[in-house]
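This is what each chain is made of:
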Amino acid sequence: MPVIRVALPVPLRYHFDYQLDNSEGICIGARVRVPFGKRELIGIVWQLEPKDQYTAELKSVLEVIDREPIFSEELRDLLSFAADYYHHPLGDVLVSALPTLLREGRSLSDEKQRRAELTQAGLQATAVDFKRSPKQLELWQLLANISQTQTQIATAGLMNAARQLEQKQLLTWKSESYQPFSYQPERQRALPLNPAQALAVTAITQAQGQFQRFLLEGVTGSGKTEVYLQAIAPVLASGQQVLVLVPEIGLTPQTLARFEKRFDVPMQVWHSNMTDHERLTAWQRSKSGDAAITIGTRSALFLPFYRLGLLIIDEEHDSSLKQQEGFRYHARDLAIKRASLLNCPIVLGTATPSLESFHNALQQKFIHLQLPERATSQQVPAIELIDLKQQVLQHGLATRTIDSIRKCLNRGQQVMLFLNRRGFAPALICHECGWLTDCPHCSAFMTFHKQSRMLVCHHCTTTRIVPHQCGHCGSTQLVPVGKGTEQLEEQLSTLFPQVPITRLDRDNTRRKGALEQLLATIAGGDSQLIVGTQMLAKGHHFPNVSLVVVVDVDGALYSSDFRASEHLAQLLTQVAGRAGRGDVAGKVLLQTHYPGHPLLQDVIQNGYHAFARSALLERQQTQLPPFMHMAILHAQSEDPQVCPLWLGQLQQFSRDYAPKVQLLGPIQPPLERKAGKYRWQLQFFAADRRDLHQLLQALLPFALSLPEQRRLKWQIDVDPQDLN
Ligand code: ADP
Ligand code: ZN
Ligand code: ZN
């Protein structure tokens, strides 16, 4: 009987073989349903007829789901490269690249998207016909305007109404299969480019059809988006698709709107806030070639494109491009791999390049395109340090800060205040005995959220009602320590009672559509004071913001993470870039107790580019990435002993196996205990990437063979962004 090798989404690091009654029509890259232990799993056919000798009889495949590969050869190459590179099980990598419905085995053939439209009778109906059914009326009005997909109707909660209209023969379904898009001339004329932009567009366009990596380093407001748009145009004209990766969901609607203004081709977004149906549709529109432009967050990288001709990574320095759990891939790095497999150009755009990309540009691996000036006549705003030492502060704001805010408000302009901590206060403290609200499961405090009257641990999400009494002495004098965005919002409303305030953080943007709504409120000028976390720093374009206040930079100045200074410099530059993007000149105030700190001085006086050069030099001297290749093995267990014991043996093994690889650990990260588990890690550094990979390849089977392994959970992180 024919045998196939299947990649299954299980934490085990090998393939599984099954037999098949009939191998007709079976192909590599298709989904199959197979028995696995007592369960049934869906896996991907990875090899036909492996030449192994079998001692026992193989189990049979239960169902062949696809008659054509669900993964093209190009995607299979990308994903198997990723599995090797990140030392993550292939089956899990493959399955995580599929939309949920396909993971669950949904057949593709009956998932052709249906569209509802009105029949002749439906078109002749009038609103009076639906006076007893508001839902039917709503749907009828929608359809009178334009046909709707099943997904749209389901999302609007109108499926029942659709069935009723169908029964009355007022509505009919048309099934729609997607086709490669056809190019239409641009809607809006391109802007005349300045010389730096023109150089960039020419370079990218000349690379069409070739693998070429570009770092587009442009100060905020320098017109990077215009460069993207003009580099995209010839790609679309040649019938090829474009993928634009953006770091946050918040940026997708805004970026989409700008693209839609320019191009008259089908576009789609991809982000974590979509329903399963929407994701499946997007997946199909990519695969069929219907979606000419896809704008999405990191996992959009795994969409199956029909003909992808250009990849753009906007804000390439952003750490949200790295997945921090499970399959810990970096979307930027895998995107480069994908571009090489496809033989097409890739553009990494940012005002503040990651030191990795900056290094690659200096090494001439990337072509360095620079836009050193703003595209409009606006100056990059001045940054001013406000020394907090020995100052009288009002709600944590210096008098000078408050005066500047007031002046700006009086001129009718907007002010943005930036504080990278959500909630009301990072903890409550007992005024009598000093007891703090710590999380029972983590080595961390629980954040006080005043509006919801809750204590929340931001590490394990444990939630408690705010206690009335101290857990130690029973005193009722519990007071907030430190400040979060909720508190800042409250304090600003006492300082400026007449001024409308909008807060923007993860707490009030979780609900679908909430972020878009808040952004619209800000853009519409309905609120003059804007308070937020680092969400505010990312790419948004608010023309009427003329003052940005960074309330507290001190926390980030002294950190154990070697990337902290890079991230702070990026953040300050990005935040500053939010000011003065319209007709008004901008100003940035940084409040600090350490105005003489070399990092602050460097960024303020010399700008990010100069900072990056000196930071790279420092990384070279201290032998850190990108001059060394790094990986971390994380382990955690409820038992405080077992992780150091396990990692100690791995350390010994590594020392013998690969003396060239430097080791650090076993050590505990700053958050020593999380969700009841003790956390430990072993860090690896190698000058040559191959040494590191060979070691990890040999180490993992050894790690799995040790008895401690069963009493802990572990993960490997290659090229870690976050050491914690
Ligand atoms: P970035 O993405 O680099 O922050 P944007 O693309 O948002 O910059 O451009 C900033 C502003 O400059 C926008 O209002 C844009 O319309 C304008 N702009 C960009 N390029 C040009 C140009 N060549 N001529 C005039 N205005 C431009
Ligand atoms: Zn916790
Ligand atoms: Zn107490």
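Just so it is clear, the model here is predicted, and its values are computed rather than measured.

Draft legend 1. Representation of the coordination of the zinc ion (ligand 2) within the structure. Protein coordination of the zinc ion (ligand 2) is provided by Cys-439 (SG), Cys-442 (SG), Cys-457 (SG) and Cys-460 (SG), with donor distances spanning 2.2 to 2.4 Å. Considering all four donor atoms around the zinc ion (ligand 2), the spread of angles at the metal, 106 to 112°, places the coordination shape in the tetrahedral class. Going along the chain, you hit the donors of the zinc ion (ligand 2) in the pattern C-x2-C-x14-C-x2-C. You can see Cys-442 sitting in the loop between β20 (427-430) and β21 (447-449) and its partner Cys-460 sitting in the loop between β22 (454-456) and β23 (463-465), a full 18 residues away along the chain. On the accessibility criterion, Cys-460 (17% relative accessible area) is buried.

Draft legend 2. Focus on helix α7 (residues 159-167). Among all positions in α7, only Met-159, Ala-161, Ala-162 and Leu-165 are buried. All buried residues of α7 project into a common sector of 155° when viewed along the axis, lining one side. Across α7 from its buried face, at more than 90 degrees, point the exposed residues Asn-160 and Gln-167. Downstream of α7 by one or two residues, Gln-169 has phi in the positive range, about 60°.

Draft legend 3. Quick peek at the side chain of Gln-414. Structurally, the position occupied by Gln-414 is in strand β19 (residues 414-418). On the accessibility criterion, Gln-414 (2% relative accessible area) is buried. Within the structure, Gln-414 has its side chain in polar contact with the backbone oxygen of Ser-527 (distance 2.8 Å). Here Gln-414 is in contact with Cys-408, Ile-522, Gly-525, Ser-527, Gln-528, Ile-530, Asn-544, Val-545, Ser-546 and Leu-547, once residues within four sequence places are set aside.

Draft legend 4. Structural context of the nonpolar core. Judged by nonpolar contacts, the single largest core of 74 residues is most densely connected at Phe-71, Phe-302, Leu-311, Leu-633, Trp-646, Leu-650 and Phe-684. What Phe-302 contacts, discounting residues up to four positions off in sequence, is Leu-75, Leu-78, Leu-79, Ala-97, Phe-327, Tyr-329, Leu-334 and Arg-338.

Draft legend 5. Seen up close, empty space enclosed by the protein. Applying the stated criterion across every chain yields a total of one cavity of 30 Å³ or more. As a volume, the largest cavity reaches approximately 30 Å³. Lining of the largest cavity is provided by His-317, Arg-332, Ser-354, Glu-356, Arg-563, Glu-566, His-567 and Gln-721. Taken together, the residues that form the lining of the largest cavity break down as no nonpolar, four polar and four charged.

Draft legend 6. Representation of the pattern of salt bridges in the model. Taken as a whole, this structure holds 25 salt bridges when the rule is applied. For Arg-563, the salt bridge goes to Glu-356, with nearest N and O atoms at 2.9 Å. With a gap of 207 residues between them, Arg-563 in the loop between α17 (554-557) and α18 (564-576) and Glu-356 in helix α13 (residues 355-362) connect regions that are remote in the sequence. Each member of the pair, Arg-563 as well as Glu-356, carries the same accessibility label: buried. Bridged by salt links that share partners, the residues Glu-316, Arg-332 and Asp-333 form one connected network.

Draft legend 7. Summary view of the sheet that holds strand β10 (residues 241-245). Read across the open sheet, the seven strands follow the order β11-β12-β10-β13-β14-β9-β15; overall the sheet is parallel. Each having just a single partner strand, β11 (267-270) and β15 (367-371) make up the two edges of the open sheet. With direction set aside, neighbouring strand axes in the sheet form an average angle of 20°.

Draft legend 8. Up close: the coordination of the zinc ion (ligand 3). Cys-430 (SG), Cys-433 (SG), Cys-470 (SG) and Cys-473 (SG) make up the full set of protein donors to the zinc ion (ligand 3), lying at 2.3 to 2.4 Å. Along the chain, the residues donating to the zinc ion (ligand 3) are arranged with the sequence spacing C-x2-C-x36-C-x2-C. Of this pair, Cys-430 sits in strand β20 while Cys-470 sits in the loop between β23 and β24 (478-481), and the two are 40 residues apart along the sequence. The exposure classification of Cys-430 matches that of Cys-470, with both residues buried.

Draft legend 9. Spatial organisation of the packing of aromatic side chains. Tallying each qualifying case throughout the model produces 13 aromatic pairs. The interplanar angle of 65° and the centroid separation of 5.0 Å between the aromatic rings of Phe-302 and Tyr-329 together place this pair among those described as edge-to-face. Here the residue Phe-302 occupies a position in the loop between β12 (293-296) and β13 (308-314), and Tyr-329 occupies one in the loop between β13 and α12 (331-342), the gap between them amounting to 27 residues. Across the pair, Tyr-329 and Phe-302 agree in class, each one buried. A ring pair is formed by Phe-424 and Phe-448, whose centres lie 5.6 Å apart and whose planes are at 70°; its orientation type is edge-to-face. Of this pair, Phe-424 sits in the loop between β19 and β20 while Phe-448 sits in strand β21, and the two are 24 residues apart along the sequence.

Draft legend 10. Representation of the site of ligand 1 in the model. Surrounding ligand 1, one finds 17 residues, the nearest of these being Pro-192, Gln-197, Gly-221, Lys-224 and Arg-258. Here Ser-222 contributes a backbone N or O atom positioned 3.3 Å from an oxygen atom of ligand 1. If ligand 1 stood free it would expose 560 Å²; the protein chains cover 77% of that surface. Here the shell around ligand 1 takes three residues from helix α9 (residues 224-237), the largest share from any one element. Of the residues belonging to the shell around ligand 1, the class tally is five nonpolar, eight polar and four charged.

Draft legend 11. Broad picture of the sheet that holds β23. Strand order in the open sheet formed by three strands is β21-β22-β23, with antiparallel pairing between adjacent strands. Taken across any chain shown, the strands that pair with only one partner, and hence form the sheet edges, are β21 and β23. If you compare each strand with its neighbour and ignore which way they point, the axes differ by 30° on average. Bridge count between β21 and β22: three bridges; the pairing is antiparallel. Residue pairing across strands places His-449 opposite Met-454, the latter belonging to β22.

Draft legend 12. Just unusual backbone geometry, in detail. Geometrically, the link from Pro-625 to Pro-626 is a cis peptide bond, its omega value of 5° lying close to zero. Position of Pro-626 relative to the elements: it lies in the loop between α19 (598-621) and β29 (629-637). Residues other than glycine seldom take positive phi values, yet Glu-49 does so here, at roughly 50°. When you line up the elements, Glu-49 lands in the loop between β4 (39-48) and β5 (63-64).

Draft legend 13. The arrangement of the confidence of the model for the protein in detail. For the protein, the mean per-residue pLDDT works out to 90, and 97% of the residues sit at or above 70. Mean pLDDT values over the elements of the protein span from 80, in α17, up to 98, in α12.

Draft legend 14. Quick look at helix α16 (residues 514-523). Restricting attention to buried positions, one finds in α16 the residues Ala-514, Leu-515, Leu-518, Leu-519 and Ile-522. Down the axis of α16, the buried side of the element spans an arc of 130°, and every buried residue falls inside it. Against the buried residues of α16 lie β19, β25 (501-504) and β26 (529-532). Just past α16, the residue Gly-525 takes up positive phi, approximately 80°.

The rules we used
Residues numbered from 1 in each chain as written. Chains lettered and ligands numbered in written order. Predicted model: local features only at pLDDT ≥ 70, side-chain atom pairs only at ≥ 80, totals over all residues. Heavy atoms only, no water. Donors = N, O, S within 2.8 Å, 3.2 Å for Na, K, Ca; no water. Tetrahedral: all angles 85-135°; square planar, octahedral: opposite > 155°, others 65-115°. Helix = DSSP H or I, 4+ residues; strand = E, 2+ residues; numbered from the N terminus. Buried < 20%, exposed > 50% of the residue type's maximum accessible area, 1.4 Å probe, protein only. Arc of directions from axis to C-beta. Polar contact = N/O pair within 3.5 Å; in protein donor to acceptor, adjacent residues only side chain to side chain. Contact = heavy atoms within 4.5 Å. Core = buried A, V, L, I, M, F, W, Y, C linked by side-chain atoms within 4.5 Å. 1 Å grid on protein atoms, 1.4 Å probe; cavity = no way out; pocket = protein on both sides within 12 Å on 5 of 7 lines; lining within 4 Å. Points joined across faces, edges and corners; volume = space filled by probe spheres on them. Nonpolar A, V, L, I, M, F, W, Y, C, P; charged D, E, K, R; others polar. Salt bridge = Lys/Arg side-chain N within 4 Å of Asp/Glu carboxyl O. Pairing = 2+ DSSP bridges. Axes fitted to C-alpha atoms, helices over the stretch in contact; angles between N-to-C directions. Phe/Tyr/Trp six-rings, centres within 6.5 Å; stacked < 30°, edge-to-face > 60°. Near = heavy atom within 4 Å. Areas by Shrake-Rupley, 256 points an atom, 1.4 Å probe, with all protein chains shown as cover. pLDDT = per-residue confidence, 0-100.

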